[in-house]
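# Coordinate analysis (summary)
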Amino acid sequence: MKNRSLVSISDYSKEEYLKILDLAEEFEKTPRQEILNGHVVATLFFEPSTRTRLSFESAVNRLGGKILGFADASSTSATKGETLRDTIKIVCNYADLIVMRHPLEGSARFASEVSSVPVINAGDGANQHPSQTLLDLYSIRRTQGRLENLNIFMVGDLKYGRTVHSLLMAMSQFNTTFYFISPDELKMPDEYKRYLKNMNLKYYEFKDFTDIINQADIIYMTRVQKERFSDPIEYERTKNVYILRSLMLKETKPNVKILHPLPRVNEINLDVDSSEKAYYFTQALNGVFVRQAIISSILGLK
Amino acid sequence: MKDIKHLVVSAIKEGTVIDHIPAKDLFKVISILGLDHIENQVTFGSNLDSKKLGKKAIIKISGLFFRNEDINKIALVAPEAKLNIIKNYNVVEKKVVEVPDSITGIAKCVNPKCITNNEEIVTRFTVVDKKKVILKCYYCEKITNQDNMRII
């Protein structure tokens, strides 16, 4: 992994996922390790983000590294019409590692080709966000004690949600059974279902999850956005079906945990927050440990 | 019939004949192979009758022989094309076009939010299905298929 960019979740093998998770576990035990002394990490956020940027910066700070960069593109030469190619060519002279979020898809792959230092993709449009997937894997292993043979429920927008697609690709390495719960308009795309079939993995599709929720080990919630519906009436009819309430958790397995990439709007009712089964805020904290692991392994410090 | 065809686009002594090009894609093939920038004699005919394609085009290039990887570039627009290698007015070899494993710089990515459509970047695709010619963008990872493919 040393000196290799992390652009897409498929850039890493199963063994490499596990190496990152083991390292993250180490950082959870000892979050402050001054191994990044003298290193500079550039965080280039051409598009605003709260959690991702702050958790990357927190990870660098806890490792004793220095950060330069920007939190939105309006203060950069991009507004003067500078190309991404030129921005990256310049910034890689100033930093040992680039963390980038950009609204255009494929921008991170391109940046990794132009840059002389490794690039971590912190989200390229609707395409990839591999550090999110790795922290999802970490949260699953952390709460279930394993990654193999779990029932993963994915709920909400399964058509456009990049996090569920990447998580599906990653979890397909661990004999997962998938339950897809979504309205018709936002179903899991065929290419992913075909992929699971080729991998000989089981998956089920439902429009509603109240009857089957007690099968779940992990419930991965996503936002159902109004603008995704071609028919507003359909949205009004279905929006409440995909809201998780604490009452629904009554009969669920004791080990079940609820994950959400955040930000949430209303798809997880506030009364779930106090449940032991709610894990989304800890999941966000895990993001720091996982990003410490990614950064230190790419820089060859671990 | 055969003789009439020969009259339409006259025979060459040495070189390559590319036959069974869909008539509408003739100029794309010319541009992909760079035939608009060469010094060799090039003759072509378009909208010729074809049982297979309806209307087809044919190109004859004197004194030029293609490498397989070059000729395979036209697979995106003329997958049925056939090549005859001509020496001394005789066909000495026949070749068919094969869809390559990857394609660089010929097609445009269908995704308007792809970096390749917003900055000057040579496109790159892996061919995920050779029969249906389905391409996956190396950058944005989106699928471009024959229905929405545009040649640069």
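Anyway, here's the lowdown on the structure attached to this text. (Residues numbered from 1 in each chain as written. Chains lettered and ligands numbered in written order. Predicted model: local features only at pLDDT ≥ 70, side-chain atom pairs only at ≥ 80, totals over all residues. Heavy atoms only, no water.)

Before going further, it helps to spend a moment on the overall build of chain A. Each helix and strand in chain A was counted, giving 9 helices and 9 strands. A compact globule built from 302 residues would reach a C-alpha radius of gyration of about 19 Å, and chain A, at 19 Å, matches this within 12%. Along the first, second and third principal axes, the C-alpha set of chain A runs to 55 × 45 × 40 Å. By the burial criterion, 57% of the 302 residues in chain A qualify as buried. Excluding contacts between residues fewer than 6 apart, the proportion of contacts in chain A whose partners are at least 24 apart in sequence is 72%. Placing the 39 positive and 37 negative side-chain charges of chain A at their respective mean positions leaves the two points 2 Å apart. (Helix = DSSP H or I, 4+ residues; strand = E, 2+ residues; numbered from the N terminus. Rg over C-alpha atoms; globule rule 2.2 N^0.38 Å. Buried < 20%, exposed > 50% of the residue type's maximum accessible area, 1.4 Å probe, protein only. Contact = heavy atoms within 4.5 Å. Lys, Arg positive; Asp, Glu negative; His and termini not counted. Charge placed at Lys NZ, Arg CZ, Asp CG, Glu CD.)

Bringing helix α2 (residues 51-62) of chain A into the picture now. Residues and elements named next belong to chain A. Taking 1.5 Å of rise per residue, 12 residues should cover 16 Å, and α2 covers 16 Å from first to last C-alpha, within 8% of that figure. Among the residues of α2, those classed as buried are T52, R53, S55, F56, E57, A59 and V60. Residues of α2 that are buried make contact with β1 (40-45), β2 (66-70), β3 (97-102), β4 (119-124), α5 (130-144) and α9 (280-298). Taken from the residues just after α2, G64 is the one with a positive phi, measuring 80°. (Expected span 1.5 Å × (residues − 1).)

The residue A:R85 is located in helix α3 (residues 84-91) in this model. A residue is classified by how much of its surface remains accessible, and A:R85, at 31% relative accessible area, is partly exposed. Note: C-alpha distance between A:R85 and A:E113 (28 residues apart in sequence) is 9.4 Å. Ignoring anything within four residues of it in the chain, the contact list for A:R85 reads A:F110, A:V114, B:E119, B:E120 and B:I121.

Looking now at unusual backbone geometry. Excluding glycine, a negative phi dihedral is what most residues carry, and trans is how most peptide bonds are arranged. At the junction of A:L262 and A:P263, the peptide bond is cis and its omega measures out at 5° in the coordinates. Within the secondary structure, A:P263 is located in the loop between β9 (257-259) and α9. Non-glycine residue A:N3 carries a positive phi angle of around 65°. You can see A:N3 is positioned in the segment before α1 (14-29). Even without a glycine there, the phi angle at B:V133 is positive, about 50°. Tracing the backbone shows B:V133 in the loop between β8 (124-129) and β9 (134-137).

A few words now on the interface of chain B and chain A. Taken residue by residue, the interface counts 14 residues in chain B and 15 residues in chain A. Here chain B meets chain A over a buried area of about 1300 Å², counting both sides, of which 46% is carbon and sulfur. Applying the counting criterion to the chain B and chain A interface returns 3 salt bridges. Here A:E105 makes a salt bridge to B:K142, at a shortest N to O gap of 3.8 Å. Taken together, the links from chain B to chain A amount to 11 residue pairs in polar contact (both at pLDDT 80 or more). (Buried area = accessible area lost by both parts, 1.4 Å probe. Salt bridge = Lys/Arg side-chain N within 4 Å of Asp/Glu carboxyl O. Polar contact = N/O pair within 3.5 Å; in protein donor to acceptor, adjacent residues only side chain to side chain.)

Next up on the list: a nonpolar patch on the surface. Residue and element names in this part refer to chain A. On the surface, a nonpolar cluster with roughly 270 Å² of combined accessible area is contributed by L68, I90 and Y94. With respect to the element layout, I90 can be found in helix α3. I90 sits in the partly exposed class, given a relative accessible area of 37%. (Patch = residues over 30% accessible without salt bridge, like charges linked within 9 Å, V, L, I, M, F, W, Y side chains within 5 Å. Areas by Shrake-Rupley, 256 points an atom, 1.4 Å probe, with all protein chains shown as cover.)

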